[in-house]
Amino acid sequence: KNEVEQSPQNLTAQEGEFITINCSYSVGISALHWLQQHPGGGIVSLFMLSSGKKKHGRLIATINIQEKHSSLHITASHPRDSAVYICAVAKGGGADGLTFGKGTHLIIQP
Amino acid sequence: DTEVTQTPKHLVMGMTNKKSLKCEQHMGHRAMYWYKQKAKKPPELMFVYSYEKLSINESVPSRFSPECPNSSLLNLHLHALQPEDSALYLCASSQGTHNYGYTFGSGTRLTVV
């Protein structure tokens, strides 16, 4: 079983819809990261969370440490949000780099 | 400067070639990472440098040789690669190895022929 599980693997939605991507992990972590990867390959860091909730523009990320679960929400989705969203965790003190989930491929149709 | 710059963006090399990938950042970050990403798979950690010293080598074959000449620069030297080494090679940096945000480069797409 993977240490970081994401759902759904693929998601197609209409422009304007509210999007939720889920991430569950089974190891002790010091931080959880949400990342965005476009088809060209580059990865953009969206959030780093160790507790609670963070908001940036139309993106909201939450984490429940007790339940080992995090969610990424996109409000008023737009075709430019189409990308792969990756949940990654820093285990222990974080000195081992990141452990990645398999990603959620999101397509927002106009 | 808030970027991690990777060069080249694309590289095609033969199995007998020697080439190098370069990664540069000027944010004062003291931890730098190499990740390998195969198509439709998540990135896999290869190497971690902390304060210019190799702290993690994830059992990577010796045909991949990392080098950190200074705190801003990270190289990955390639020699006698196999076609299965074709992948996107991502560099990342962070202020330190403990609970800091990451900045990723745009990657080098490597094809071994």
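This structure is a prediction, so every number in the text was calculated from the model and none was measured. (Residues numbered from 1 in each chain as written. Chains lettered and ligands numbered in written order. Predicted model: local features only at pLDDT ≥ 70, side-chain atom pairs only at ≥ 80, totals over all residues. Heavy atoms only, no water.)

### Thoughts on the overall build of chain A
So, point 1. On a plain count of helices and strands, chain A comes out with zero helices and 11 strands.
So, point 2. Compactness check: chain A gives a C-alpha radius of gyration of 13 Å against a globular reference of 13 Å for 110 residues, within 12% of the reference.
So, point 3. Considered along the principal axes of its C-alpha atoms, chain A spans approximately 40 × 25 × 25 Å.
So, point 4. Expressed as a percentage of the 110 residues in chain A, the buried residues total 44%.
So, point 5. Per element, the accessible surface of chain A, about 5,100 Å² overall, is 51% carbon and sulfur.
So, point 6. With 9 positive and 7 negative side-chain charges, chain A shows a spacing of 5 Å between the two charge centroids. (Helix = DSSP H or I, 4+ residues; strand = E, 2+ residues; numbered from the N terminus. Rg over C-alpha atoms; globule rule 2.2 N^0.38 Å. Buried < 20%, exposed > 50% of the residue type's maximum accessible area, 1.4 Å probe, protein only. Areas by Shrake-Rupley, 256 points an atom, 1.4 Å probe, with all protein chains shown as cover. Lys, Arg positive; Asp, Glu negative; His and termini not counted. Charge placed at Lys NZ, Arg CZ, Asp CG, Glu CD.)

### What about the sheet that holds strand S7 (residues 59-64) of chain A?
Residue and element names in this part refer to chain A.
So, point 1. Strand order in the open sheet formed by five strands is S1-S3-S8-S7-S6, and the pairing between neighbours is antiparallel. The open sheet has two free edges, formed respectively by strand S1 (4-7) and strand S6 (52-56), since each of these has just one partner strand. For this sheet, the mean angle separating the axes of adjacent strands, direction not counted, is 15°.
So, point 2. Where S7 and strand S8 (residues 69-74) come together, six bridges link them in antiparallel fashion. What sits directly across from Asn64, in S8, is His69. (Pairing = 2+ DSSP bridges. Axes fitted to C-alpha atoms, helices over the stretch in contact; angles between N-to-C directions.)

### Description of the pairing of strand S1 (residues 4-7) of chain B
All names here are of chain B.
So, point 1. The alternating pattern of S1 places Val4 and Gln6 on a buried face, while none of Thr5 and Thr7, on the opposite face, is buried.
So, point 2. Taken together, the four bridges between S1 and strand S3 (residues 18-25) define a ladder with antiparallel strand orientation. The partner of Gln6 across the bridge, within S3, is Cys23.

### Notes on the sheet that holds strand S7 (residues 64-70) of chain B
Residues and elements named next belong to chain B.
So, point 1. Here we have four strands laid out as an open sheet, ordered S1-S3-S8-S7, and antiparallel in their pairing. Sheet topology places S1 and S7 at the edges, where each strand pairs with a single neighbour. Within the sheet, the average angular offset between the axes of one strand and its neighbour, ignoring direction, is 20°.
So, point 2. Two elements, S3 and strand S8 (residues 73-79), share seven bridges in a ladder whose sense is antiparallel. Each residue of the ladder has a partner; that of Glu24, found in S8, is Leu73.

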